[in-house]
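Residue strings, one per chain:
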Amino acid sequence: MDGQQLSQRGAWGSKVAFIFAATGSAIGLGNIWRFPTMVSQNGGAVFVLIYILAVALIGFTVMLAELTLGRHAQKNPVGAFEYIKPHTPWKLIGYLGILTGIFILSFYAVVAGWALGYFFKTASGTFKGKVTPEMSNQIFTEFSSDPIQVFFFFAIIMGLTIFIISKGVKKGIEKWTKILMPMLFILIVFLAVRALTLPGAGQGISFYLKPDFSKLNVAVVLFALGQAFFSLSLGMGTMITYGSYISKSDNLVSSAGWVSFSDTLIALLAGLIIFPTLAFSGQPGSVGGDALAFKVFPLIFSEMPGGQIFGTLFFALLFVAAITSTISLLEVPVAYLVDERNWSRNKAALLAGFITFLIGIPAALSTGGMEFFTKINFLGLFAIIFGNISLAVGALFICIFVAYIWGVKKAVKEIHSGNPRFNLRPLWAFSVKFLSPAAIIIILITLIKKIITG
Ligand code: PHE
């Protein structure tokens, strides 16, 4: 690699910088918008339980596998597979990751646009005074079915993402995350305390945290596992790419542990806000709907002094959390184009971003903007196919590759750099070789069977 190419690739300024960027990638709409919706649609507490198990047993394993692979190869996902096993079909997993990333970004940026739109709405006083669930639902419906507004904010999100990514890893990604992510955390804790002290909160907590095992089925398990991958940014090479910018002296195990832990904490806290607030407003936990967070958060802001200020701050921070995730999604195709095709970052970001925007059009029109796309719930469909199944398939192949093709021994050698002890080694080796791939295969096969037999 020559000097110019090296500088096009970039690297993290420090371990802390990497941690913030990876945490920024993981924490986003997945935690605050998608997790509560999934809980609501998939039986409540039983989903939460399976989700936590999926993160601890499988998510962490895959996260460490991706970071290790990335740091070893110092390359984008396609390049990383090619580097370790040249001229084999394994690089197809890298391509699958790039495609998945573009498709996830296409609907994710639409929802990020909602967050930005809601920032302006809250700031301008739309939710002032007493907000009822009917009002909140109607405000969302009006907003999301207006194609001009939705497209306007969607375009801003994509433009901003392209701009930050074209600036490169260090100047672009690092700067944002350092101050704003801790702020988001503090605000969320604060809101959770408020929600938990609302009258009637208990019923919501019981839906959220008291498992009803009669609701357990294979779809719940698949959605929980897929959501774990989605929320931790796994299965499509984001963590391979981010890992490729980590220094050899950093501890990959503690990094993977921290990212998994903090991401899960934020998701769980988001639920602690949503479900008590739903119960308080007289709605069941299982109301479902793709935009639960957007309908429920305004209700809690209307129940607290200074709600407009807190609400505005919340949507501003949600927007930032979403941007630190959109950039990690776009970084995957861009790293590929820069590494493998020798493109400049600018050109790569522009082209990949523009294509993503085009692909996102149906999703942007699927919340009332156009009847056809609304009917088939295009956004929801994309979220399941790419944000769930495709990530699970990617994660499966990443495990198989690291465990059997590259080999656990070599991976462990990479992990030892920066963590010479690696006490979790036997557990990780067991999970990456047997537990994680077996669990993913069983879940996928059961689901396919179920779909075929109806
Ligand atoms: N993890 C992000 C979130 O929860 C979304 C994401 C998925 C980002 C996959 C990168 C890769 O919001």
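Residues numbered from 1 in each chain as written. Predicted model: local features only at pLDDT ≥ 70, side-chain atom pairs only at ≥ 80, totals over all residues. Heavy atoms only, no water.

Engineer: Any details on the overall build of the protein chain? Residues and values, ideally.
Structural biologist: Along the protein chain, the regular secondary structure elements total 20 helices and zero strands. Each of the three principal axes of the protein chain carries a C-alpha extent, and together these read 60 × 45 × 40 Å. Evaluated residue by residue, the protein chain yields a buried proportion of 60% over its 454 residues. The contacts of the protein chain with a sequence gap of at least 6 include a subset with a gap of at least 24, amounting to 84%. (Helix = DSSP H or I, 4+ residues; strand = E, 2+ residues; numbered from the N terminus. Buried < 20%, exposed > 50% of the residue type's maximum accessible area, 1.4 Å probe, protein only. Contact = heavy atoms within 4.5 Å.)

Engineer: How would you sum up the layout of surface pockets? Please name residues and give values.
Structural biologist: By volume, the largest pocket is sized at about 240 Å³. Lining of the largest pocket is provided by Ile19, Phe20, Thr23, Ile27, Met181, Pro182, Phe185, Trp258, Phe261, Ser262, Leu265 and Ile266. By residue number, the principal contributor to the lining of the largest pocket is helix α13 (residues 252-280), which donates five residues. Partitioning the lining of the largest pocket into residue classes produces 10 nonpolar, two polar and no charged. (1 Å grid on protein atoms, 1.4 Å probe; cavity = no way out; pocket = protein on both sides within 12 Å on 5 of 7 lines; lining within 4 Å. Points joined across faces, edges and corners; volume = space filled by probe spheres on them. Nonpolar A, V, L, I, M, F, W, Y, C, P; charged D, E, K, R; others polar.)

Engineer: Give a detailed account of the site of the ligand, specifying residues and quantitative values.
Structural biologist: Of all residues adjacent to the ligand, which total 15 residues, the nearest are Ala26, Gly30, Tyr108, Phe230 and Ser233. Phe230 is positioned such that a nitrogen or oxygen atom in its backbone is 2.8 Å from a nitrogen atom of the ligand. Contact with the protein chains hides 100% of the accessible area of the ligand, taken as 330 Å² for the molecule alone. One can see that the ligand is located within the largest cavity. (Near = heavy atom within 4 Å. Polar contact = N/O pair within 3.5 Å; in protein donor to acceptor, adjacent residues only side chain to side chain. Areas by Shrake-Rupley, 256 points an atom, 1.4 Å probe, with all protein chains shown as cover. Sits in = over half its atoms within 2 Å of the grid points.)

Engineer: I'd like to hear about empty space enclosed by the protein, residue by residue, with values.
Structural biologist: Per the counting criterion, the structure on display carries three cavities of 30 Å³ or more. Taken together, 16 residues form the lining of the largest cavity, with Ser25, Tyr108, Phe230, Ser233 and Leu329 sitting closest to its centre. Breaking the lining of the largest cavity down by element, the ones donating at least two residues are α2 (15-26), α6 (91-123), α11 (218-231) and α15 (307-341). Split into classes, the residues belonging to the lining of the largest cavity amount to nine nonpolar, seven polar and no charged.

Engineer: Help me get a handle on the environment of Gly454, residues and values and all.
Structural biologist: By secondary structure assignment, the location of Gly454 is in the segment after α20 (425-453). Residue Gly454 is classed as exposed on the basis of its relative accessible area of 86%. Separated by 33 residues in the primary sequence, Gly454 and Arg421 have C-alpha atoms spaced 49 Å apart.

Engineer: Can you lay out the packing of aromatic side chains for me, pointing to particular residues and giving the numbers?
Structural biologist: What the rule picks out here adds up to 40 aromatic pairs. Each ring, one from Phe120 and one from Phe153, has its centre 6.0 Å from the other, and the planes form 25°; the classification is stacked. Note that Phe120 is positioned in helix α6 and Phe153 in helix α8 (residues 147-167), a separation of 33 residues in sequence. When its relative accessible area of 43% is taken as the criterion, Phe120 is described as partly exposed. Of the residues examined, Phe153 reaches a relative accessible area of 7% and is grouped as buried. Judged by centre distance (5.1 Å) and plane angle (20°), the ring pair of Tyr208 and Phe275 falls under stacked. Here Tyr208, found in helix α10 (residues 201-209), pairs with Phe275, found in helix α13; they are 67 residues apart in sequence, far enough to count as distant. Judged on exposure class, the residue Tyr208 and its partner Phe275 are both buried. Against the face of Phe230 rests Arg34, its NZ or CZ located 4.6 Å from the ring centre. (Phe/Tyr/Trp six-rings, centres within 6.5 Å; stacked < 30°, edge-to-face > 60°. Lys NZ or Arg CZ within 6 Å of the ring centre and 35° of its normal.)

Engineer: Can you explain the side chain of Lys121? Please cite residues and give values.
Structural biologist: Within the secondary structure, Lys121 is located in helix α6. No salt bridge forms around the buried Lys121; measuring N to O, its nearest opposite-charge neighbour Glu142 is 6.6 Å away. Not counting residues up to four positions away in its chain, the partners in contact with Lys121 are Thr126, Phe127, Ile139 and Phe143. (Lys, Arg positive; Asp, Glu negative; His and termini not counted. Salt bridge = Lys/Arg side-chain N within 4 Å of Asp/Glu carboxyl O.)

Engineer: I'd like a description of the environment of Leu160, backed by residues and values.
Structural biologist: Position of Leu160 among the secondary structure elements: in helix α8. For the pair Leu160 and Thr326, spaced 166 residues apart in the sequence, the C-alpha separation amounts to 9.5 Å. Those residues in contact with Leu160 that lie beyond four places of it in its chain are Phe319 and Ile323.

Engineer: Requested: an account of the packing of helix α4 (residues 45-73) against α11, with residues and values cited.
Structural biologist: Running from N to C, α4 and α11 cross one another at 50°; their axes reach a closest spacing of 8 Å. Here α4 lies oblique to α11, going by the angle between them. You can see that α4 and α11 cross each other, and the crossing is right-handed. Seen from α4, the contacting residues are Val46, Phe47, Ile50, Tyr51, Ala54, Val55, Ile58 and Val62; seen from α11, they are Val220, Val221, Phe223, Ala224, Leu225, Gln227, Ala228, Phe229 and Ser231. The class makeup of the residues in the contact of α4 with α11 is 15 nonpolar, two polar and no charged. (Axes fitted to C-alpha atoms, helices over the stretch in contact; angles between N-to-C directions. Parallel < 35°, antiparallel > 145°, perpendicular 65-115°, else oblique. Left-handed = near helix turned anticlockwise from the far one by under 90°.)

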